[in-house]
Every structure is written in structure tokens, then in C-alpha cells.
4 protein chains.
Amino acid sequence: MLDFSCDYRNGACQPVLDALIKTNGETTATYGFDIYSKRAEEKIKAACKAPDAEVFLIAGGTQTNMTVISSCLLSYEGVLSAETGHINCHESGAVEHAGYKVLALPHHEGKICAKELMAYMCGFENNPSRDHMVFPAMVYISFPTEYGTIYSKSELLEIRKVCDEYNLKLFLDGARLGYGLCCDECDIDLPFLAQICDVFYIGGTKVGALCGEAVVFPKKAPAHFITMIKQRGAMLAKSRVLGVQFDALFSDGVYFKIAKNGADRAKQLKKTFADKGYEFFINSPTNQQFIILDNKKLEELQTKVGFEVWEPYGEDKTVVRFATSWSTTEEDIKELQKLI
Amino acid sequence: MLDFSCDYRNGACQPVLDALIKTNGETTATYGFDIYSKRAEEKIKAACKAPDAEVFLIAGGTQTNMTVISSCLLSYEGVLSAETGHINCHESGAVEHAGYKVLALPHHEGKICAKELMAYMCGFENNPSRDHMVFPAMVYISFPTEYGTIYSKSELLEIRKVCDEYNLKLFLDGARLGYGLCCDECDIDLPFLAQICDVFYIGGTKVGALCGEAVVFPKKAPAHFITMIKQRGAMLAKSRVLGVQFDALFSDGVYFKIAKNGADRAKQLKKTFADKGYEFFINSPTNQQFIILDNKKLEELQTKVGFEVWEPYGEDKTVVRFATSWSTTEEDIKELQKLI
Amino acid sequence: MLDFSCDYRNGACQPVLDALIKTNGETTATYGFDIYSKRAEEKIKAACKAPDAEVFLIAGGTQTNMTVISSCLLSYEGVLSAETGHINCHESGAVEHAGYKVLALPHHEGKICAKELMAYMCGFENNPSRDHMVFPAMVYISFPTEYGTIYSKSELLEIRKVCDEYNLKLFLDGARLGYGLCCDECDIDLPFLAQICDVFYIGGTKVGALCGEAVVFPKKAPAHFITMIKQRGAMLAKSRVLGVQFDALFSDGVYFKIAKNGADRAKQLKKTFADKGYEFFINSPTNQQFIILDNKKLEELQTKVGFEVWEPYGEDKTVVRFATSWSTTEEDIKELQKLI
Amino acid sequence: MLDFSCDYRNGACQPVLDALIKTNGETTATYGFDIYSKRAEEKIKAACKAPDAEVFLIAGGTQTNMTVISSCLLSYEGVLSAETGHINCHESGAVEHAGYKVLALPHHEGKICAKELMAYMCGFENNPSRDHMVFPAMVYISFPTEYGTIYSKSELLEIRKVCDEYNLKLFLDGARLGYGLCCDECDIDLPFLAQICDVFYIGGTKVGALCGEAVVFPKKAPAHFITMIKQRGAMLAKSRVLGVQFDALFSDGVYFKIAKNGADRAKQLKKTFADKGYEFFINSPTNQQFIILDNKKLEELQTKVGFEVWEPYGEDKTVVRFATSWSTTEEDIKELQKLI
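Calculation notes
- Residues numbered from 1 in each chain as written.
- Chains lettered and ligands numbered in written order.
- Predicted model: local features only at pLDDT ≥ 70, side-chain atom pairs only at ≥ 80, totals over all residues.
- Heavy atoms only, no water.
- Helix = DSSP H or I, 4+ residues; strand = E, 2+ residues; numbered from the N terminus.
- Expected span 1.5 Å × (residues − 1).
- Buried < 20%, exposed > 50% of the residue type's maximum accessible area, 1.4 Å probe, protein only.
- Phe/Tyr/Trp six-rings, centres within 6.5 Å; stacked < 30°, edge-to-face > 60°.
- Lys NZ or Arg CZ within 6 Å of the ring centre and 35° of its normal.
- Least-squares fit on C-alpha atoms with pLDDT ≥ 70 in both.
- Contact = heavy atoms within 4.5 Å.
- Pairing = 2+ DSSP bridges.
- Salt bridge = Lys/Arg side-chain N within 4 Å of Asp/Glu carboxyl O.
- Polar contact = N/O pair within 3.5 Å; in protein donor to acceptor, adjacent residues only side chain to side chain.
- Buried area = accessible area lost by both parts, 1.4 Å probe.

J.: Please clarify how helix α3 (residues 61-72) of chain D should be interpreted in this entry.
T.: Given 3.6 residues to a turn, an α-helix orients residues that are three or four positions apart in the same direction. Residues and elements named next belong to chain D. Between its terminal C-alpha atoms α3 stretches 16 Å, which fits the 16 Å expected from twelve residues at 1.5 Å a residue. Summarising burial for α3: eleven of the twelve residues are buried, a large majority. Regarding α3, the residues found buried are Thr62, Gln63, Thr64, Asn65, Met66, Thr67, Val68, Ile69, Ser70, Ser71 and Cys72.

Right under this line is the structure:
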């Protein structure tokens, strides 16, 4: 059955698979010191135009969020996030389990706004009880957000400004980064992220790899970050598994090519639904599209095509998510058109 | 200067001080096995009409909240609390530091409502992603709340009903319990709390003791709770310090007598402000009174009497808190009357 | 250069690689619900003759140890381990970072002995201060150990007996399990492990997979273990990556065939060194061989072949480790013979 | 019954009790900002001749150890301690619960030796796997030790030298500091400790207070240490309880006077046992004396006088502990003489 339920339902994109096959017989170093991890690191630094960056490859997203956040914060500090942020909702409390409070901010279609961030910080600074509170020290944003939306360049600059004013680290969760960077509405790129973020990651699991996320500290990683990765169980002994994949993704522009496919298919999918008069829950420019279905229609569609039920919408409607990915084809969209 | 800034600005009430003096030269056992801790335990069980209860004395409130919550929850579980709950706002993230997420519910003058609790649980149970979420397993309420309000018997029974339906533990923070139980509006008592709570504590620090909170598990404490107290640094070697104080507080009804004084003085204080036309932020029946002051008036009053600045109220007003306690006298109120 | 430095320096064994290639284009479920993870689970249960077992696939070893230990213990409990145990030495304190004390026992060529375990438990039970101590609740053993040695059936039964007597869980770290089960000296098998262990894992990273360890709870996993995996960052979204690999490893006896190769090559390697008069640090029957080299010889050999420097041995000698693996060939051994 | 079982079986010394009585009716600030805490702080800084020191008052010893250690270490760091150290044995794993590994060193009558510390650090620095290990970052010593012994000035200077060489923080647990500083064999004082330690604490619970330990950072405390105290539940709201006590203890040399009494009584007690031919387990110069008793004698003595059973000594003997304290009188010793 045609399936748009998520963007990690397939294997690896062909260049990644080819690289795994080609290198399989080679003997390499381990724990991040293999030649492919080193190559991937250099290619990512070049793509970010951040020659001083430190890059680390980690197997999964929650693991990356938990490792980065808990390694960058002191024990009395917390991380600000949209209330809809993945770390606040769908990571089984991994950040709190590591000892850190997620300080929730209101969301606007998944995004935080610099003004409310500023107001929070201002309130904290002026609170006479602040020694009895959690010190906000990091801002977590996702790009695209959990609702498929993206921040504009100016929105990000405003957030960065507040971060500078209040000495907050900016951490961008790029689990679906490619789909954000390659959509029509996007006015930023990797080098820009490397300029404004203290740390961000480039998602592989959802963009063409079997697994893997590339953490980028554009300036400098925390001291002994490798040991902190190890301590949190996030270090793959056979690190080449991640190195080979990211080396392939960042050769010949593969990462952006396949991400563009995901974004383009999403545009077609969106148009397909719009043309048929479907109502959208959110105006997402990226590979996740949120559509409002009558519950009857929902039941009917579920027999024909895979998608994800998101949340109830009033009494008799439901928000559902259709996700495209690097592997979605134009044929898939055409087939979908017939079914809806 | 006359001071209503908080309810822990004085030493101990006379019976507690007398007991400390009287027992000072005695030799006792330690680590909770001293005769005074045992006596206090028995008297508290009697006052709760809970013969099977297990009682533990701990030095402070945040320590008690953190120890109880982290000892009762499994690692994947979290605690529901009003967003204004002390554990969510003013304990420097102690619960998260211990590894547990505080799941915030809307507050209504500091209280949660059973209906919203039910809705939260219902949403969680029906969420297809719930394995990726924090499992709500405990409800934390404070009595009185951080805004001085109290739950009625029927409100508590409704909350208990939701707890029963969803297998949630109910934990009541009684840092100011006496002032709640002894105010005019209160329609519950200790035995009732022992019936509906899985665990609660009777605050001593704010009600006549030098320090100390009595944790009551009406049915059964978690196995090896003593070791968990020790592990969290919450065990006083010279446990008699707490034992002697709670033994005195629960002899001859001292705890309730002195708490009643705090509640009665609050009533007078409230009337005093009301008579002079002051505006109240919240209609609190207990020892914390929240008053709205013009910022000019605020500055003027600050030179005459001690109180706590709570939060801004619009552009040119401020919410302030006046707290009475076991040590507040009628003379204090009369003097206040002249100053405001 | 010929390389015996470790057993995770190559890619995947051919059947695993073939399976990854073959399934790459398929669409599957995620988070452990994909058909390959389910198949792997069933095959592993069959291989263990443990129809009620629960099996979980996790990406790496430290992650597995930390997740299993922290999910099985209550906060006041600790895990007993040989002082040389991987969790005690080479996981950057991951177990302690998760909040649990590793209680070190003396080691005998990497193994603990039932008698000393019994003595420890006896001492604990009789210690009047035990409420102020960490409660031993789990025994961690590795098979083979960090020194390549293995426990005999009778040794394991004795350890199990102590576990039964003192209500200890038995956890066996099988990062190199195949090499232990397939060596000549071994008198146990997977079904035996499933009978005596409360939980163990079958290592893939070091035995033919790109990554992955299969955790087996022969009777029953802790409730909501999936959420605890997620919370510790140890859940791969694209779980098929592990499922496909373990499905292949447990089809047609692949796991045991390739492990047998590693064990057989180790036997040849051992004989090769012995024939040339080299001294052994430990009489290891598995794929890790520990040899004592003069420091001059060490320097000479390092230019010719890859191996790991283990530890100094007196003033002018050094212990080194040569590891074979599923990928070591007879030709490798012959070539080594010429070099040493 | 005469009781030498421990040094925290009595109330407070008279000057402390008097101060509590005298100040009871006063109104003070809270959370460490009360005038008595401030005065105590100044007096302790003067006694330490450390004008830049930061002093914090905390209720109990395990709490202090856990708070100091977890506030001073980064997540990948650990604390070195004698295997017999209190943090390693009798705090229910509080340090590990806070996420930090205790790295055990051999003990010599409770003390570590600079040479072995150096060897450990040297081994760590040279270990090629050190990124996969816990980084030693702090040395924990107790003065007197858990066996009543004390370090000499030269021993401490040697330890400090290793700390300097390897960038280790030195933390001294002074739960019984007074008894160590006031015994005949001691050749150091408070100002010396302030010179060589990065942090230490002056015990009150066992030296004349109802409760309380004074943490001294001679140079500088970690940033936001107050919030870290709060977060660990270690902050008393009514901080005057500790402030008044330490203010009294550090007025008119009270602390040293009463500690000297404990040390002098121990000397008499030791002589009493020695004169009667009893065998000593350890030659302790401080208030804890460890004596070896035939098990028959043990049973007989237990009916006459309180003491603590320490550990078995061979087949039919037992080590027991007799502790004197600030409250032990010459009459107590005379009475003991008649009983043994």
C-alpha cells in the first residue's frame, strides 16, 4: 500500500547504500577515528563554511538531543523550547531523565517567537526568586518544526539577538534539516546556521541514511565531548557505519539533491490535496503536510493509503499527517491523486 | 520593623523550644530510631487516624518533595502539577534534577481541576505515541496552594476519583498544611487526607518548628524508603532534632492551636485591608494574602512594613503578599492597621 | 597492514550485507515494529528455546549495559561486577551517570567467583549499617570476559545459586558472545543462558553486524521497557536497520558459523605464538589473545602488524592483545606467522 | 546506661542551646541571608584566615558531600576516595545517585597515600583508553578518617602536590574536624586547611550543634552554588537555625574548646583500655577508639555500656568502636573504668 506515514520507512538512498557496499571489506579505525568519519567531518565543515567547527556523528535524534543538551548545560540550567518541541513531547522525558528541565514557551505553528523569548528572559532576570528557579541557558528550536514550518532568516536573527543579550546557547534540531533547507520558502543555508547556532545537527535518519545525525559545533565543542558521548551510550564502536554514510551524503551534493526531492514531492502533494479542496491544518512548506479530514473520509482513506493520525479536530474531524521523503516518487503522488 | 514577608522568619513556637531545652541533655538513638521520632510518629498516626501509616521526618520542603517524588516514581513516569506548583516554579528544578518531568496542568488560583486532569489522562491514554511520552503517574497538589487557596472536600474527592481511574498516586504538599486546615472555609481534616492521599506531608518549618516536615504514607511507604532518604542526603544523623519538635507539635494539639492563630490573624489582616478599600488579587482564606498595590503606594508601604513583592499587575500596579503565621499577634495587626 | 587490533574493524559479514541490500527498497514500520525486527525476535527466541522471552534490539554495547542496568534496578540498588568488568572500567562511568553504583568484586582472569559473591552478600546482609549502603541487586558478568576467558557451566550454576539465595538478577554481557559459545572449551549454549540469566545480550557489533546488540529477557522484560529505551536515547527510529541484520544473523546459523570462524582462527593464532615460544598473559580460549612482549619486540612488531597495547608487564615487558573475528582468514594467520 | 556508641547522641552544647533560646523571638531573613548566617560566615572566614572564602551552611554530612561533589564536577569526572571513605561505603550511593563515580584508592588505616594517588593519576594519563574512562578530578579525604586517624601536615602537602600536578580539586570531609584538630598528634590548623583545600567542611552535627555543617570554599565557590544547594534539597528555608548555631560555635573559641574535651576524654578512654590490657585495632589519636574484644567479653560489655560493633576480627573476636564527644565527662570515663 502507498505509504506517506513518515520519512524513515525506507532503507538508505542509493549513494549511501553503494558506499556501504563498496567499503564493507575495508579495515578501519574505530570510535570516530576511522577515515570515513574524518572525511565526513571535513566535508560537513566545508558545506558549513566553518573551518573551525567540530563535528560528531551520533546514531539517532533523541540520543543527539539528550547528549548535546546535557553536555552543554550546568546542573542548575535549563533549556527553553516551544511547548510542541520534540524534546518536550516525544522523547519520553529524555532531557529530564538526564537531569534538566525543559522550560516551555508558547508555540506558533511549532515555532517560538523572539519577543516571547525576550519576555521570558526579562521576567526571569527581574524575578527576585530567581536563585530558586531553573536558569534558562539554552534555546532549542527545530528546523523544520514538528509542524513542518520553518523559521525565516529574520526570525532566526531576532532569536539570536535575544540569545546574545541573555547569554543563551542556541541549539537547532535538524532531524529534517534537508527538507527545510530545500523548500521554496527557505531563505537560509548551512553556512548561515553555522554562523548563528552554538550547536546544531544535520539529520541523516530521515534524509537518506540508515541511521545517523551529524552534530556541528561551529566554534568549539565542550571539552571532552567524546567522553560525554561515550558516557551517555551514544558512541558507536564501529563508527565507520556513520562515517561512510555521511561521507556519501556530503559528496556530490547528495544530501541536498535527495532532500530537494522530498520537498518537491511535498509541494506536489500539497497541491494535489488543495486542488481537491482539502483543508489544511497548517500551511507547511516542507515535507510534512497536515490535513484536516472528516472522520468518515479518514476511515475511507486509511484503507487505501498510509498516513499518520495526528490529533482530533473538533468533534468529527481529525488532523492527519502525510510525509514525503527523499524516496517519494512522482508516481507515488500521481497514485495518491487517484485515491483521495 | 513590622514584618509580614513570610511565615518562616521566627524561631520555634514556645512548646517546641521548651521541648528542645528539656531534652537537650538526654542521650538518644540516631537516624530516626530515637524515642522522640518514634513518639512523634505515633502521635501523627493517631492524629491521622491511620494506624498503618508510615511516618518519616525530613528537614525541609524541597528536600521532601524531591525525595518523595523520586522515590515513588519509576524512571519513565512523571508528576502532574499545577503550572504554579512549587515543584514546577521555585525548587530550582529539583524534581527534574532527580530525573523526573513535571507535567504542568493549568491552574485556577493555584489549584488544578479534576476535569482538566481527566482530560490530560484521557489524551495521554488515547495518544498513539504514548510510548514516546512521559507516563503520568502521580498528582502533586499543595494545600494551601502557593496562592493561599484551598481545595474543598468535594474537589479533592473528584481528583481522587480520577487518580483511581488512571492509577495515579496522589501527593499533597502540606508545607503550610496547618493554616489550610484551620481556616474557616476548610471542610476537611487530617484523617480525611490520610484516606485520600497516597502520601502527604505536614509542614513544620512554616508552622512552629525550627525545621522539619513529617511525611505520611497512610498505607505503606515504598520499600527501603529510609535508604532512599539517606541516598538523597535527606537523613539527619541527629534525628531527635526533628523528633522532639514534632513530638511537641503533636502533643496537646499544639500544631492546630498555633496554626489557628496564623489563620485567625490572616482573617483580621484581610479585613483590615478590605476595610481600607484595598483590592485583592485572589480571595485567599489562609495565611497568605495577595493584595494589589499602586506602585506609589507600594514604595510608601515598603518603608513601613515588611511584605513580599509577588509580580507586576499591569503597568503601574503590583501584587504583593502579606503572610501571617503562628507567631503573628493581634498587636501586629493593629499596628499594621495604622500603617496602611 | 595486517590488523588484529580488534574485532570491530570491518563492515558486516556477507549475509548481513546481502540482507541490507535486498531489503533496502522496502517500506517498513518503525520503532521496533518493523517485520524484520519481529522476525529477528522470533528467531532469537527459537535459538534460545525461550518462547516467552522478550527481545529488544539496541545499537551499541555501552548503551545496552546502561539501559538494561538502569531499567532493572531501583534507585537504592547497585550492580555487582568484576573490578575488570567493562561497566566498571571502560564505559566512562555510564552506569554511575545513570545513578547506580557499580560494586566491584575481585576478578580471576576477568571472572568473578561464586564464593566471593556469596561472601559479599553475606557481609552485606549481616552489616548493621546496611540501610546506609547500596543494596546489591544485580550481578553483571561478561561472557567471554574482558580477558577472553569464559565461565564453565558449573561456575555459572554456582553463581546462579547465589543469585537465587540473595534475590539477585543475573545479567550477562555478551558483546562477544558468539566467540565464547563457539570455542572448544565452552560447555554451554544459548538455551542454557536463557535458563540461568534474568537478562543477557547477544552481541552483533563484534560478531558480523554493522551495529546492534540483541537484549533477551528470557522470562519477562520490565514493564514499559520500550519507553525506557526511548528515554535513554537508545531507540533507533529506523529499527529495521537492526532488525534486518539480526534476522540475517539468526537465519541458517550464520551467527554461529561466523563466530566459529573467529574462535577457530584464534586457536590457530594462539598455536602460532605458542610454537614460536611467546609467553601468554592469560590462557584465553576465545578470540582475544593476550601475549607478553619484550618492549623491543613490541616496537618491532608494531611496524608489521596491528594489535592493541594492553598494559605494562614489569619493567621492560608489555601485555598486548591480538583479536581475531568473523572476518579473519586462514591466510591472515599464515601471514602473521611469517611476521612474528 | 553509659553510652559511647557515637558522637551525635546528645543535643547541643550549652552555648549553642543558649543562642537558640536567646534569638528565638527575633525576626530574621531567610535562605542564608539572615544576620546569624552572615555572622557565622564572617567568624569562620576569620578562623580560617581566609578573607576571600565563601561559606555555606548545610544541615547534614551526606547532603554536604553529595552537594559539594556534584556541584564541583563535570559530568565526565569522578572523585577519588579511600575505599573506606564515607562516600564510598555509608552514604547509600548518594554520589553515584547524583551521577558521579567514586574511584576507590587503597586505604591505610583509613588514609590514602600520595604515592598511590600519583600512581593512579599516572596510570590514567598514560592509558590509551582514557577517553572511555571516568576522568579523576577531585580527591576526597576525611579528617579524621572513618578509623579515627589523621593526616600529618607533610602527608597533606604531598597529596596537595599531586593535586596540583594533575589539576585535582582537594575536598576534605570534616564531619569530626574538631576532634582531629584538637588532638595531641595534630600538626595542622584551620588556616592551613584553607590554604591547601579547594573546599572542606567543618562538622557541627558531631561537634556540639543540633545539626549543621559549614562548607568553606577558601578561594571561590562554583557559580550559583546557592541554586545548586537549593536544587539538591539542601537549603533550609529558616537558615537562622544553622546560622545561630555556627555563630555560637565560632564565638569565644567554643568549637575548639568542646572539641578539645572530646579529644581529651578519648585520650583518657584509650589509656583506660590500654591499662587494662585491651588490644587496639588501630592506633587512633582522636575521639573514635577501635578495640578488639573476645566475643564473650563483647557480650558481657554490651550489657553494661553502649558502644558500636564494627566488624568481625578473625573467628572469635570483634572490632568495636567507643566514641567520645564534646559531651563526654571525666565521670563517664571513670564509670567506664569500673565496668571494663
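Having seen it, we continue.
J.: What should I look at first to understand the packing of aromatic side chains in this one?
T.: The description of an aromatic ring pair uses the distance of the two centres, along with the angle that the planes make with each other. Enumeration according to the criterion identifies 79 aromatic pairs over all chains in this entry. Judged by centre distance (5.0 Å) and plane angle (80°), the ring pair of phenylalanine 217 of chain A and phenylalanine 225 of chain A falls under edge-to-face. As far as the burial class goes, phenylalanine 217 of chain A and phenylalanine 225 of chain A line up, both buried. Taken together, the aromatic side chains of Phe4, Phe273, Tyr278, Phe307 and Phe322 of chain A make up a single cluster linked through ring pairs. For lysine 111 of chain B, the ring lying beneath its charged end belongs to tyrosine 151 of chain B, and the centroid distance is 5.6 Å.

J.: Sorry, what's going on with the relation of the copies chain B and chain C here?
T.: Two copies of the chain are present, and they differ by a rotation about an axis and a shift along that axis. Placing chain B over chain C gives an RMSD of 0.0 Å and needs a rotation angle of 180°, together with 0.0 Å of translation along the axis. The operation mapping one copy onto its partner corresponds to a two-fold rotation axis. Minimal C-alpha separation from the rotation axis in chain B is found for leucine 74 of chain B, amounting to 4.1 Å. Here 100% of the interface residues in chain B have copies in chain C that are interface residues too; the copies meet face to matching face.

J.: How should I be thinking about unusual backbone geometry in this particular structure?
T.: Apart from glycine, the bulk of residues carry a negative phi angle, and the bulk of peptide bonds sit in the trans form. A cis amide bond, omega -10°, links phenylalanine 143 of chain A with the succeeding residue proline 144 of chain A. Secondary-structure assignment places proline 144 of chain A in the loop between β5 (135-142) and α7 (153-166). One non-glycine residue, lysine 49 of chain B, lies in positive phi territory at about 50°. Note that lysine 49 of chain B resides in the loop between α2 (35-47) and β2 (54-58). Non-glycine residue glutamate 109 of chain C carries a positive phi angle of around 50°.

J.: What should I look at first to understand the pairing of strand β12 (residues 308-313) of chain D in this one?
T.: When a strand is regular, its side chains alternate between the sheet's two faces. Residue and element names in this part refer to chain D. Pairing of β12 with strand β13 (residues 317-323), which is carried by five bridges, proceeds in the antiparallel orientation. Along β13, the bridge assignment pairs valine 309 with valine 320. Hairpin connection between β12 and β13: a loop of three residues separates the two successive antiparallel strands, and glycine 314 in this loop has a positive phi of roughly 65°.

J.: I'm lost on the pattern of salt bridges in this one. Help?
T.: Where charged atoms of side chains with opposite charge meet at close range, the side chains can pair. Under the criterion given, the structure shown has 65 salt bridges over all chains. Aspartate 184 of chain B is the partner of lysine 267 of chain B in a salt bridge, and the nearest nitrogen-oxygen pair spans 2.6 Å. Of this pair, lysine 267 of chain B sits in helix α12 (residues 254-275) while aspartate 184 of chain B sits in the loop between α8 (177-181) and α9 (190-196), and the two are 83 residues apart along the sequence. With relative accessibility at 53%, the residue aspartate 184 of chain B sits in the exposed group. What emerges from the salt-bridge pattern is a single network uniting Arg160, Asp164, Asp198 and Lys219 of chain A.

J.: Explain the interface of chain C and chain A to me, please; I cannot follow it from the model alone.
T.: Interface size, as often reported, equals the accessible area lost upon joining of the parts. In this complex, chain C contributes 42 residues to the contact, which on the side of chain A involves 42 residues. For the interface between chain C and chain A, the tally reads 28 residue pairs in polar contact (both at pLDDT 80 or more). For the side of chain C that touches chain A, the secondary-structure elements that each account for two or more residues are α1 (14-23), α3 (61-72), α5 (94-97), α10 (225-231) and α11 (240-249) of chain C.

J.: Explain the interface of chain B and chain C here, please?
T.: Listed per partner, the contact involves 17 residues of chain B and 17 residues of chain C. Both sides together, the interface formed by chain B and chain C hides about 1500 Å², and carbon and sulfur atoms give 60% of it. Broken down residue by residue, the surface that chain B buries against chain C is led by Tyr76, His132 and Thr227 of chain B, which jointly contribute 37%. The interface formed by chain B and chain C holds zero salt bridges in total. There are six residue pairs in polar contact (both at pLDDT 80 or more) connecting chain B and chain C. For the side of chain B that touches chain C, the leading source of residues is helix α10 (residues 225-231) of chain B, giving five residues.

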